[in-house]
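This is what each chain is made of:
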Amino acid sequence: ETMYNFDELGKKIGDIDKRIDMLIAKTGLSYSEFAVLYTLAKDGRSTQKKIGQEWHIPKQTVFNVCKDFRQKGLVQIDEQSADKRERAMSLTQKGHDVADPIVRASDELGERVFARLGEKNAQKLFLLLTRFCEICDKEIENTPDLQTEI
């Protein structure tokens, strides 16, 4: 009887992350470049701050990618907004020409993987992950603070 723990889970999540990185590597883009193009292609518009938070990328990295993409004519900034970091961005037509095939390929890969996994298993997977997070929330709430002094 195997008792699973957070170390085992961490390894599995790492394994999934590796596979996502392998998919992104096939596009020839860096993780942060992929994040910006994918998000803007999917959502239509977003802010640097939101992309950084959603994809766990440092603000400066997102800023640099967006600056590069603006110079290449892939991204345009909504001049309405006052704060540079908070300004909404969207893809230009050139940006869509680059991003759309990447989003399509990535979505199709996801569909193939989940089709092979099967509808029932996919449902179970997401239900279990949701349940797992709910249980973690409750257990973390019930864990006394360990005020560690260093």
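Counting of residues starts from 1 at the beginning of each chain's written sequence and follows it residue by residue. Where totals are concerned, whole chains, interfaces and linings use all residues; where local detail is concerned, this predicted model gives features only for residues with pLDDT of at least 70, and gives and counts side-chain atom pairs only at 80 or more. In computing side-chain properties, one takes all heavy atoms of the structure into account and sets aside hydrogens as well as water.

1. Looking at the overall build of the protein
Within the protein, the regular secondary structure consists of 6 helices and 2 strands. Dimensions of the protein, computed from the C-alpha atoms along their principal axes, are close to 55 × 50 × 25 Å. The buried share among the 150 residues of the protein stands at 27%. The contacts in the protein between residues at least 6 apart in sequence include a share of 50% that link residues at least 24 apart. Split by element, the accessible area of the protein, about 11,500 Å² in all, is 56% carbon and sulfur. His residues and chain termini do not enter the charge count, which takes Lys and Arg as positive and Asp and Glu as negative. A single reference atom marks each charge: NZ on Lys, CZ on Arg, CG on Asp, CD on Glu. In the protein, 24 side chains carry a positive charge and 26 a negative one; their mean positions are 5 Å apart. Think of it this way: any DSSP run of H or I at least four residues long counts as a helix, any run of E at least two long counts as a strand, and we number them from the N terminus. Residue burial is assigned from relative accessible area. The probe radius is 1.4 Å, only protein chains are included, and a residue is buried under 20% of its type maximum, exposed over 50%, and partly exposed in between. Two residues form a contact once any of their heavy atoms are found within 4.5 Å. Areas reported as accessible are Shrake-Rupley estimates using a 1.4 Å probe. Residue values count occlusion only from the protein chains shown.

2. Observations concerning the packing of aromatic side chains
Between 30 and 60 degrees the pair is tilted, below 30 it is stacked and above 60 it is edge-to-face, where a pair is any two Phe, Tyr or Trp rings, Trp via its six-membered ring, whose centres lie within 6.5 Å. The tally for this structure, following the rule as stated, stands at 6 aromatic pairs. Ring geometry for Tyr38 against Trp55: centres 6.1 Å apart, planes inclined by 75 degrees, an arrangement best described as edge-to-face. One end of the pair, Tyr38, is in helix 2 (residues 31-43); the other, Trp55, is in helix 3 (residues 48-55), and 17 residues separate them in sequence. Accessibility classification places Tyr38 together with Trp55 in one group, the buried group. Put simply, the rings of Tyr31, Phe34, Tyr38 and Trp55 pair up and form one aromatic cluster.

3. Observations regarding the side chain of Ser90
Looking at the element boundaries, Ser90 is found in strand 2 (residues 89-91). You can call Ser90 buried: its relative accessible area is 14%. In contact with Ser90, not counting residues within four places along its chain, are Leu40, Gly44, Arg45, Leu74, Val75 and Gln76.

4. Some words on the layout of surface pockets
Only protein atoms enter the calculation, which uses a 1 Å grid: trapped sets of points that fit a 1.4 Å probe without letting it out are cavities, open sets showing protein on both sides within 12 Å along at least five of seven lines are pockets, and any residue with an atom within 4 Å of a point is a lining residue. Grid points are joined across faces, edges and corners, and a volume is the space filled by probe spheres set on the points. Volume-wise, the largest pocket comes out at about 1,200 Å³. Lining the largest pocket are 26 residues; nearest its centre among them are Ile16, Asp17, Ile20, Phe114 and Leu125. Among the secondary structure elements, those contributing two or more residues to the lining of the largest pocket are helix 1 (6-25), helix 2, helix 5 (93-117) and helix 6 (119-141). Residue classes in the lining of the largest pocket are distributed as 19 nonpolar, 2 polar and 5 charged. Its volume calculated, the second largest pocket comes out at about 150 Å³. Nonpolar residues are Ala, Val, Leu, Ile, Met, Phe, Trp, Tyr, Cys and Pro. Charged residues are Asp, Glu, Lys and Arg, and all others, Gly as well, are polar.

5. Brief notes about the environment of Gly28
The topology assignment puts Gly28 in the loop between helix 1 and helix 2. For Gly28, a relative accessible area of 64% translates into the label exposed. When the C-alpha atoms of Gly28 and Tyr4 are compared, they prove to be 36 Å apart, with 24 residues separating the residues in sequence.

6. Examining the nonpolar core
Formed by 24 residues in total, the largest nonpolar core has its most connected members in Val36 and Ile51. Taken together, the elements giving at least two residues each to this core come down to helix 2, helix 3, helix 4 (59-71), strand 1 (75-77), strand 2 and helix 5. Broken down by element, the residue count for this core peaks at 7 residues, all from helix 2. In contact with Val36, other than residues within four places in its own chain, are Ile51, Val62, Val65, Cys66 and Phe69. Residue types Ala, Val, Leu, Ile, Met, Phe, Trp, Tyr and Cys, when buried and joined through side-chain atoms within 4.5 Å, form a set referred to as a nonpolar core.

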